[in-house]
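Structure assessment
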Amino acid sequence: MTRPFEVGVVVRDLELMERFYRDVIGCRVEHRSRVPESIGGPAGLGGELVVVWLRVPSGGCVKLILPRSGAVSACGAPLLAGRMGLSYLTFHVDDLGPVVEALPAAGARPLSDPVVVLARGRRISFWSDPEGNVVELVDGRGGDPGPGHSN
């Protein structure tokens, strides 16, 4: 490989999702671009798109993809979102506590009870972002998962 890993997430509300991944997860906006239908269509992306590249602090990139030309399936979901394969995004953080505290106010919801668990010496927490994409947060320090959390 010649560059860090990138993942594309098709979104309905670009501003909401950009704020979530920037302000809560800690990514920084690196680039914005409009992809014309002449490129997006033949590439299988469903037509014209707006893309925001967010740099993950440890490397890699999350690309938020907003279809602009009504590129939706019969069930109303963006074309790319219906494809099998992507289960969740994993972000490794220094301290899980402050991130978990900020998530509900940013529109995320926990996907487990307890919210933080200890697994293989790491604290982990699964959340649904504001549009329902699953995000896993991993704190490699392990230790006590904190009050209201489980081993």
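It should be emphasised that the depicted structure is a prediction, and the values quoted were computed from it without experimental measurement. (Residues numbered from 1 in each chain as written. Predicted model: local features only at pLDDT ≥ 70, side-chain atom pairs only at ≥ 80, totals over all residues. Heavy atoms only, no water.)

**Here we look at the overall build of the chain**
Secondary structure assignment for the chain yields three helices and nine strands. Each helix (α) and strand (β) of the chain, taken in turn from the N terminus, gives the series β-α-β-α-β-β-β-α-β-β-β-β. When the 151 residues of the chain are sorted by exposure, 38% land in the buried category. A separation threshold of at least 6 residues defines the contact pool for the chain, and within that pool the share at least 24 residues apart is 52%. (Helix = DSSP H or I, 4+ residues; strand = E, 2+ residues; numbered from the N terminus. Buried < 20%, exposed > 50% of the residue type's maximum accessible area, 1.4 Å probe, protein only. Contact = heavy atoms within 4.5 Å.)

**Describing the sheet that holds strand β3 (residues 49–55)**
Sheet architecture is open: four strands sit in the order β1-β4-β3-β2, paired in mixed fashion. Every interior strand has two partners, whereas the edge strands, β1 (6–10) and β2 (28–35), have only one. Geometrically, the sheet is characterised by an average inter-axis angle of 20° between neighbouring strands, direction not taken into account. (Pairing = 2+ DSSP bridges. Axes fitted to C-alpha atoms, helices over the stretch in contact; angles between N-to-C directions.)

**Quick word on the packing of aromatic side chains**
Counted by the stated rule, this structure contains three aromatic pairs. Look at F20 and Y21: their rings are 5.0 Å apart centre to centre, the planes differ by 85°, and that puts the pair in the edge-to-face class. For the pair shown, F20 and Y21 are each scored as buried. Pairing Y21 with F91 gives two aromatic rings, centres 6.1 Å apart and planes at 45°, and the pair type is tilted. Of the two residues, Y21 sits in helix α1 (residues 14–24) while F91 sits in strand β5 (residues 89–92), which places them 70 residues apart along the sequence. In terms of burial, Y21 and F91 fall into one category: buried. Connected via pairs of aromatic rings, a cluster forms that spans F20, Y21 and F91. (Phe/Tyr/Trp six-rings, centres within 6.5 Å; stacked < 30°, edge-to-face > 60°.)

**A closer look at the confidence of the model for the chain**
Looking at the chain, pLDDT values average 80 and 75% of them are 70 or higher. Considering each helix and strand of the chain separately, the mean pLDDT is smallest for helix α2 (residues 37–40), with a value of 74, and largest for α1, with 95. Predicted confidence is poor over residues 71–84, with pLDDT under 50, and the contacts of this stretch with residues over four places away or in other chains come to 16 contacts. (pLDDT = per-residue confidence, 0-100.)

**Comments concerning the pattern of salt bridges**
This structure, assessed with the given rule, holds ten salt bridges. Here E18 and R22 are joined by a salt bridge, their closest N and O atoms 3.4 Å apart. Residue E18 and its partner R22 are located together in helix α1, separated by four residues, close to a single helical turn. Residue E18 is classed as buried on the basis of its relative accessible area of 7%. Residue class for R22 comes out partly exposed when judged on its relative accessible area of 31%. (Salt bridge = Lys/Arg side-chain N within 4 Å of Asp/Glu carboxyl O.)

**Structural notes on the nonpolar core**
Y21, I25, V62, L64, F91, L103 and L137 are the most contacted members of the largest nonpolar core, which totals 29 residues. Elements with a contribution of two residues or more to this core: β1, α1, β3, β4 (61–67), β5, α3 (96–102) and β9 (134–139). Among the elements that make up this core, the one with the highest residue count is α1 (five residues). Grouped together as the second largest cluster of nonpolar side chains are seven residues, L49, W53, C61 and I65 included. (Core = buried A, V, L, I, M, F, W, Y, C linked by side-chain atoms within 4.5 Å.)

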